[in-house]
Amino acid sequence: MTSQRTYHHGDLRRAVLTAALDVIATEGPSALSLRDLARRAGVSHAAPAHHFKDRAGLLTAIATEGYDLLATTLTEAPDLRERGVHYVRFAIAHLAHFQVMFQPDLYHRDDPDLLAAKSRTSAALRAGIEARSPSQDADLMGVAAWSIAHGFATLLLSHNLERTMGDGDPEEVFRALTRLTFRAS
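Residues numbered from 1 in each chain as written. Predicted model: local features only at pLDDT ≥ 70, side-chain atom pairs only at ≥ 80, totals over all residues. Heavy atoms only, no water.

Moving on: the overall build of the chain. Looking only at helices and strands, the chain has 11 helices and 0 strands in total. When the elements of the chain are put in sequence order from the N terminus, they spell out α-α-α-α-α-α-α-α-α-α-α. Counting the 185 residues in the chain, one finds 42% classified as buried. Residue pairs at least 24 apart in sequence account for 68% of intrachain contacts in the chain once pairs closer than 6 positions are excluded. A total accessible area of about 10,400 Å² is found for the chain, and carbon and sulfur atoms account for 53% of it. In the chain, the 20 positive side-chain charges and the 22 negative ones have mean positions that sit 2 Å from each other. (Helix = DSSP H or I, 4+ residues; strand = E, 2+ residues; numbered from the N terminus. Buried < 20%, exposed > 50% of the residue type's maximum accessible area, 1.4 Å probe, protein only. Contact = heavy atoms within 4.5 Å. Areas by Shrake-Rupley, 256 points an atom, 1.4 Å probe, with all protein chains shown as cover. Lys, Arg positive; Asp, Glu negative; His and termini not counted. Charge placed at Lys NZ, Arg CZ, Asp CG, Glu CD.)

Laid out in structure tokens, this is it:
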């Protein structure tokens, strides 16, 4: 009876993803183990493999979910500067996703769902760029905007801005940074 009970779970996929996100947020992606996640979810050690096949499959699902969340977050912003603010906000709120999304060696880079989610994220960023400067090179401007937002978020999350920012609100500091950077724009 006990072994049968371990195979029944309301939403095993979500439970494993949630447990994985918790592990990544506290210990990093290298600490992930499907066996440990199964234990945390209260299921057999083989059960997560039915949804993810392997560790890279699980991390692909996390990256895909992260890109989907980021695309939604970016489209909610009214302009390019605020898309950067939303990017930073996403990185803070979804630390585990953020840690996985930009380490493509961790997951299946050619996964169709992942590629579609990345495309939606790129389109959301590009829309902000084209609204601001339709005549400029959108690809190059996209790299610049992404570099600023991603660099700021990465430095913030790795505690490299503590002395500079003090108790400043990260979103307001980012807005000030972009005002300084694009003063001539």
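On we go from here.
In terms of nonpolar packing, the biggest core is built from 45 residues, with Leu-32, Leu-37, Leu-58, Leu-59, Ile-62 and Tyr-107 touching the most fellow members. Breaking this core down by element, the ones donating at least two residues are α2 (12–27), α3 (34–41), α5 (55–75), α6 (80–93), α7 (95–101), α8 (112–132) and α9 (138–157). When residues no more than four places from it in sequence are discounted, the contact partners of Leu-58 are Val-16, Leu-17, Ala-20, Leu-32, Leu-34, Leu-37 and Phe-52. Counting residues in hydrophobic clusters, the runner-up holds 6 residues, among them Leu-125, Ile-129, Met-141 and Ala-145. (Core = buried A, V, L, I, M, F, W, Y, C linked by side-chain atoms within 4.5 Å.)

One pass over the structure, following the stated rule, counts 9 salt bridges. Note that Glu-65 and Arg-14 form a salt bridge whose closest N and O atoms lie 2.5 Å from each other. Note that Glu-65 is positioned in helix α5 and Arg-14 in helix α2, a separation of 51 residues in sequence. For Arg-14, a relative accessible area of 32% corresponds to the partly exposed category. (Salt bridge = Lys/Arg side-chain N within 4 Å of Asp/Glu carboxyl O.)

This part covers α3. Inspection of α3 places Leu-34, Asp-36, Leu-37, Ala-38 and Ala-41 among the buried residues, and these make up the whole buried set. Remark: Gly-42 follows α3 within two positions and exhibits a positive phi of approximately 75°.

Tracing the backbone shows Thr-64 in helix α5. The class for Thr-64 is buried, based on a relative accessible area of 11%.

What is shown is where atoms sit, not what they do.
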